[in-house]
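Letter by letter, the chains look like this.
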Amino acid sequence: MGRTSLPRAGRAVLAAVAATTVAAVLGAVAVSTASASSPHARDDVPARAAAPAAARTVPNAEALRRAIAPPLKGATAAQARFRDGQGSWQGASGEADIRTHRAMKGDERFRVGSVTKTFTAAVVLQLVHEGKLDLEGSVQRYLPGLLPAGWPEVKVKHLLDYTSGLPGGDTRGMPDGPDWDKGRYTTWDHRALVQSGLGKGSLFTPGSKQNYSNTDYNVLGLLIEKATGHRYEQELRHRVLEPLGLEDTYSVGDEQGIRGRHVHGYQAVKQADGSSRLVDVTEWDQSETWASGDLISTTADLERFMTALFSGRVVPQPQLEMMFTVPPVPAYDEENPASTKPATYTSGMQRSRLDDHTYLYGKTGSRYGYVDGFAATRNLSRSLVYAVNSTDAKDKATNPVVAAITQAALAAKK
């Protein structure tokens, strides 16, 4: 495939996330309170609709408008789409390009990061429904030689709900270190990417705990190619993107930039004098995430995908139930192996309690310069899609813009 591999360095691309609050579901892949913000932002600019707009507005429209009103703390741009039983709202603010001061419109493409996993899970579950993959089938059976001899048997179902015990790969430097952008222009071979962290050994017996990891979904990408004889990108396009009319969503492959109209991403980099400067990180080789995080999309496309998925138009029953079911195992805690904190991830999404009677299901994602997410109740009575251009997208703290959006959209009980 003409790819080269980097030596192992740093930690896994995405650390384990386990949270049970609304903020966790929509901000678990969190962003910082870095100081940079957009100097010429404008708020509530209409975005292209994913579907005909509802005739009535929502009661929290003003709170949503305030959530993305400039100045944006720790971000250069923001956009969001919200729906409930009373209507819909959409808005955008900030600058899509701080060099030219191009204002956001709300239809710009961006990197969705780990939201890609929901799309990948959908393709795998279609293949399970067709009998081309077996949930009880093992990685060792489908992809001989990928895992070292003697490795515990890892089944397809373990990959889907992050209970495989496979360790994360080592592909780049620390987010807060001087080598944070190491490997930015390196293209990874997909098998080498998976194998880059296997020297650590299995984290636990497969099926016994849950550990969020990109590795699981990159293996699923390899399984899709093995089961179909086609590239992952082709199957995703044929099975999900084209049938749903997601014209602004695509897998980047080896491309480092973003096609078409898009919003730029920026990282705040500390200088020797203690100040920070914004570095444009829009161009970045995404092969280190591939089937776990390389998609480009828009908020309109994500809303359309979410609606179709929850409505049963993407994954057949009973496979769809797996996307709304959390395995009854504890979350893996490296620092506290005896922890009994329950798992929160389903196959491709994460579950969170909205109130005493209601759960939210959704997924978050982040790449340098980009943080986004979607969430909805199972019956789609309330839904949110957002994208925030954080200036420190790999920080552990939740960006205040993300926090404000989720609070405005989901705090009020109906």
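The rules behind each value
- Residue positions are given per chain, counting from 1 as you read along its sequence in written order.
- With the structure being a predicted model, the display of local features is reserved for residues of pLDDT at least 70 and the display and counting of side-chain atom pairs for 80 or more, all residues being used for whole-chain, interface and lining totals.
- Heavy atoms throughout the structure, all of them, feed into the side-chain values; hydrogens and water do not.
- Numbering of helices and strands runs from the N terminus; a helix is a DSSP stretch of H or I covering at least four residues, while a strand is a stretch of E covering at least two.
- The rule is simple: take the accessible area with a 1.4 Å probe, protein chains only, and divide by the maximum for that residue type; under 20% is buried, over 50% is exposed, in between is partly exposed.
- Confidence per residue, as judged by the predictor, is encoded in pLDDT with a range of 0 to 100.
- Between two residues, a contact is recorded if the distance between any of their heavy atoms is within 4.5 Å.
- One requirement defines pairing of two strands: DSSP has to find at least two bridges between them.
- Axes here refer to lines fitted to C-alpha atoms; in helices the fit is confined to the stretch in contact. Angles between the N-to-C directions go from 0 to 180 degrees.
- Each angle is binned into one of four classes, with values under 35 degrees roughly parallel, values over 145 roughly antiparallel, values of 65 to 115 roughly perpendicular, and all other values oblique.
- Classification used: nonpolar for Ala, Val, Leu, Ile, Met, Phe, Trp, Tyr, Cys and Pro, charged for Asp, Glu, Lys and Arg, polar for all others including Gly.
- In this scheme, a helix's expected span is set at 1.5 Å multiplied by one less than its residue total.
- Take a side-chain nitrogen of Lys or Arg and a carboxyl oxygen of Asp or Glu: if they are within 4 Å of each other, that pair is a salt bridge.

(A) The arrangement of unusual backbone geometry in detail. With omega at 0°, the peptide bond leading from Pro70 into Pro71 counts as cis. Take Pro71: it is sitting in the loop between helix H2 (61-67) and strand E1 (75-84). If you check the backbone angles, Tyr162 has positive phi at about 65° while not being a glycine. Its place among the elements puts Tyr162 in the loop between helix H5 (156-160) and helix H6 (190-195). Classification of Tyr162 by relative accessible area gives buried; the value is 0%. Here Trp290, not a glycine, exhibits a phi torsion of approximately 45°, which is positive.

(B) Main features of the confidence of the model for the chain. Per-residue pLDDT for the chain has a mean of 86; in total, 84% of the residues score no lower than 70. In this model, residues 1-25 is a region of pLDDT below 50 whose contacts with residues beyond four sequence positions or in other chains number 83 contacts. The model gives residues 27-55 a pLDDT under 50, and that stretch makes 114 contacts with residues more than four places away or in other chains.

(C) The sheet that holds strand E8 (residues 295-297), seen in detail. Taken together, three strands build an open sheet; the order of strands is E4-E8-E5 and the sheet is antiparallel. Unpaired on one side and paired on the other, strand E4 (110-111) and strand E5 (250-251) mark the two borders of the sheet. As paired strands, E4 and E8 are joined by two bridges and run antiparallel to one another. By the bridge assignment for E8, Phe110 is matched with Ser297.

(D) A look at the sheet that holds strand E9 (residues 350-353). Pairing is antiparallel across the open sheet formed by seven strands, whose spatial order is E3-E2-E1-E12-E11-E10-E9. Across the chains shown, the open sheet's two edge strands, defined by having one partner strand only, are strand E3 (102-103) and E9. Strands E1, strand E10 (359-367), strand E11 (370-377) and strand E12 (382-390) of the sheet are contacted by helix H9 (residues 299-310), whose axis makes an angle of about 145° with E12. The sheet contacts of helix H11 (residues 400-410) involve E1, E10, E11 and E12, and relative to E12 the element is tilted by about 165°.

(E) Just the environment of Ala92, in detail. Position of Ala92 among the secondary structure elements: in strand E2 (residues 87-97). By relative accessible area, which is 0% here, Ala92 ends up buried. When the C-alpha atoms of Ala92 and Ala103 are compared, they prove to be 9.1 Å apart, with eleven residues separating the residues in sequence.

(F) Region of the structure containing the packing of helix H3 (residues 116-129) against helix H8 (residues 232-241). One can describe the packing of H3 onto H8 by two numbers: an axis separation of 10 Å at closest approach and a directional angle of 85°. By the angle between their axes, H3 is roughly perpendicular relative to H8. Two secondary-structure elements touch here, H3 through Thr116, Phe119, Thr120, Val123, Gln126 and Leu127 and H8 through Tyr232, Glu235, Leu236, Arg239, Val240 and Leu241. Classifying every residue of the contact of H3 with H8 gives seven nonpolar, three polar and two charged.

(G) View of the environment of Val58. Its place among the elements puts Val58 in the loop between helix H1 (22-27) and H2. Sequence separation of Val58 and Gly87 is 29 residues, and the distance between their C-alpha atoms is 5.1 Å.

(H) Region of the structure containing helix H7 (residues 214-228). Its 15 residues give H7 an end-to-end C-alpha distance of 22 Å, which sits within 8% of 21 Å, the value for a rise of 1.5 Å per residue. Among the 15 residues that make up H7, 13 are buried, leaving the element largely enclosed by the rest of the structure. Count one or two residues on from H7 and you reach Gly229, which has phi positive near 75°.

(I) Focus on the pattern of salt bridges. Tallied over the full model, the rule gives 18 salt bridges. For the salt bridge of Arg239 with Glu130, the shortest nitrogen-to-oxygen distance reads 2.8 Å. Of the two residues, Arg239 is situated in helix H8 and Glu130 in the loop between H3 and helix H4 (139-142); the sequence distance between them amounts to 109 residues. With relative accessibility at 13%, the residue Arg239 sits in the buried group. The network of salt bridges with shared partners includes Glu130, Lys132, Glu235 and Arg239.

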